[in-house]
Amino acid sequence: QVQLVESGGGLVQPGGSLRLSCAASGSIFSRDVMGWYRQGPGKGRELVATITYGGSTNYADSGKGRFTIFRDNAKNTVYLQMNSLKPEDTAVYYCNLVRGRMNYWGKGTLVTVSS
């Protein structure tokens, strides 16, 4: 069983930055893929970025050039550095871990981009 706990959300002005963190309890294995998804107001959940244990990354077009995902395997933690934030980035951001057929989710952290 894996538990994911996100932190780092909050209110930020357009153009600002935030760093989200996701701490995973239990062991992280070399085949685990971790990632961030988000769900904006009135929208479905969408991919933000994923990262493999070895550090290979994948980004949605919405965050390319602005968001960076990275992980510290020793700390069982994945991060999302978000720069140049826009109002349309406002959403609940969820941490995700995929292990084989198992899909684990955190409870989410709210990011609000507003002046």
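Residues numbered from 1 in each chain as written. Predicted model: local features only at pLDDT ≥ 70, side-chain atom pairs only at ≥ 80, totals over all residues. Heavy atoms only, no water.

### Topic: the nonpolar core
Among the nonpolar cores identified, the biggest contains 26 residues, and Leu 4, Met 34, Trp 36, Val 78, Leu 80, Met 82 and Tyr 93 are the most heavily contacted of them. Those elements giving two or more residues to this core turn out to be β3 (18-24), β4 (33-39), β5 (45-52), β7 (67-72), β8 (77-82), β9 (91-99) and β11 (109-113). (Core = buried A, V, L, I, M, F, W, Y, C linked by side-chain atoms within 4.5 Å. Buried < 20%, exposed > 50% of the residue type's maximum accessible area, 1.4 Å probe, protein only. Helix = DSSP H or I, 4+ residues; strand = E, 2+ residues; numbered from the N terminus.)

### So, the pairing of β9
Across seven bridges, β4 lies against β9 in antiparallel orientation. Bridge pairing links Gln 39 to Val 92 in β9. Relative to β11, β9 runs antiparallel, the two being bridged by three bridges. By the bridge assignment, Ala 91 is partnered in β11 with Val 111. As judged from the four bridges shared by β9 and strand β10 (residues 102-105), these two strands associate in the antiparallel manner. Looking at the pairing, Asn 96 lines up with Trp 105 of β10. (Pairing = 2+ DSSP bridges.)

### Focus: the state of the cysteines
As enumerated under the stated definition, the model contains one disulfide in all. Here Cys 22 engages in a disulfide with Cys 95; their sulfurs sit 2.0 Å apart. Between Cys 22 and Cys 95, the disulfide has an S-S torsion of -85° and is therefore left-handed. Of the two residues, Cys 22 sits in strand β3 while Cys 95 sits in strand β9, which places them 73 residues apart along the sequence. No difference in accessibility class separates Cys 22 from Cys 95, as the two residues are buried. (Disulfide = S-S within 2.5 Å.)

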